[in-house]
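Read off the chains here:
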Amino acid sequence: MKTFDTIHNTKEFLAEAKKSGRKIGFVPTMGALHEGHLTLMRRAKKENDLLVVSVFVNPIQFNNPEDLKKYPRDLEKDKKLLESVGCDILFAPTAEEMYPEEEVTEHFDFGKLETVMEGAFRPGHFNGVAVVVKRLFNIITPDKAYFGEKDFQQLAIIKRLVEMEKMPLEIIPCSIVREPDGLAMSSRNERLKPKERAVASLVYQILQEAVQLKDKKSPVEIARWVADRFNNNPSFTLEYFQVADETFLQPLEQWKRNTGALGFVAVFLGDVRLIDNIRFY
Ligand code: PAF
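Values in this document were obtained by computation on a predicted structure and should not be read as measured data. (Residues numbered from 1 in each chain as written. Predicted model: local features only at pLDDT ≥ 70, side-chain atom pairs only at ≥ 80, totals over all residues. Heavy atoms only, no water.)

*Asks:* Can you help me understand the site of the ligand in this one?
*Replies:* Every residue lining the ligand is accounted for by Pro28, Thr29, Met30, Asn58, Gln61, Val132, Phe147 and Gln154. Side-chain polar atom of glutamine 61 to an oxygen atom of the ligand: 2.6 Å apart, as the coordinates give it. Contacts to the ligand include glutamine 154, whose side-chain N or O atom sits 2.7 Å from an oxygen atom. (Near = heavy atom within 4 Å. Polar contact = N/O pair within 3.5 Å; in protein donor to acceptor, adjacent residues only side chain to side chain.)

So, in structure tokens, the structure goes:
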């Protein structure tokens with residue numbers, strides 16, 4: 001595996017690879033790699049000639065400075081995991097390399113997509129994601145880029161970004177990878193205390209139980225039922241649960257024929273914020 005930390009060297013190397021017709025599969029990450037990331041990488045490796053992974057904890061997508069400070073970082077461990085899935089190129093830049101300007105002023109308008117859920121509770125988050133993903137795509141010039149569906153709203157934002165910027169690549173959504181007890185894999189899980197980890201599987205259990213109610217209850221009633229379940233358990237602080245349509249992610253009051261619907265949750269266990277989602281229709 002080759003490791004680059006400058007944009008110049010990465011571009012130079014990849015330009016040569018492209019000239020010889022090799023297809024590039026790209027998995028952008030913020031490190032603290034887990035089986036969820038590795039699943040994306042194995043797929044990207046299989047479907048392309050070169051697997052490129054970036055590890056960059058993007059400061060401008062954190063609306064909470066404490067969250068940025070506490071974000072787990074272990075590049076040496078990540079490198080071993082990357083070797084194990086046959087990663088060809090690791091791009092691990094510094095913040096100065098990615099953001100040479102004094103202040104990032106680029107601004108995207110994602111309309112209604114960014115006014116709900118993560119967009120509403122984490123102001124500026126998706127703009128930060130879009131800025132870094134656009135820069136990474138311009139550096140790596142992938143043929144295909146892989147994203148997990150745990151961050152379903154992020155995936156929708158990135159698809160829209162690619163459309164708006166007319167970028168010539170394919171976005172490949174990948175199913176959520178779960179621990180054996182159902183907890184969605186996330187770098188943040190590392191920060192759960194043993195007592196919190198012991199109850200964390202309830203998040204997915206409650207989502208699954210909510211799906212069982214879809215023939216008896218409306219989306220609004222289901223949201224109320226889910227909120228009660230979390231609010232009656234002192235381990236959890238619910239930020240939101242919402243049933244939304246799968247394309248525009250707008251809240252649904254009634255089930256609609258031919259409209260895919262998912263339930264989205266953000267919940268705190270101690271000071272760790274977990275998100276997850278499940279399909280209803
Ligand atoms: O999903 C993530 O890990 C990040 O939001 C991403 C896409 C790597 C951008 O920093």
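*Asks:* Mind showing me how you'd approach the environment of glutamate 149 here?
*Replies:* Structurally, glutamate 149 can be placed in the loop between strand S5 (144-148) and helix H8 (152-164). Take glutamate 149: its relative accessible area is 25%, and that puts it in the partly exposed class. Each C-alpha atom, one on glutamate 149 and one on threonine 94, is 27 Å from the other, the two residues being 55 residues apart in sequence. Filtering out sequence-adjacent residues up to four positions away, glutamate 149 remains in contact with Leu155, Pro173, Cys174, Ser175, Ile176 and Asn277. (Helix = DSSP H or I, 4+ residues; strand = E, 2+ residues; numbered from the N terminus. Buried < 20%, exposed > 50% of the residue type's maximum accessible area, 1.4 Å probe, protein only. Contact = heavy atoms within 4.5 Å.)

*Asks:* What exactly am I supposed to notice about the pattern of salt bridges here?
*Replies:* Side-chain pairs of opposite charge can arise whenever the charged atoms involved come near each other. Per the counting criterion, the structure on display carries 25 salt bridges. With its nearest N and O atoms 3.9 Å apart, the salt bridge here joins lysine 70 to glutamate 66. One end of the pair, lysine 70, and the other, glutamate 66, are both in helix H3 (residues 65-70), four residues apart, so they sit about a helical turn from each other. The class of lysine 70 is partly exposed, set by a relative accessible area of 36%. Of the residues examined, glutamate 66 reaches a relative accessible area of 37% and is grouped as partly exposed. Each of Glu66, Asp67, Lys69, Lys70, Glu118, Arg122, Arg188, Arg191, Glu239, Asp271 and Arg273 takes part in one network of salt bridges that share partners. (Salt bridge = Lys/Arg side-chain N within 4 Å of Asp/Glu carboxyl O.)

So far we have only geometry, and geometry alone does not tell us how the molecule works.
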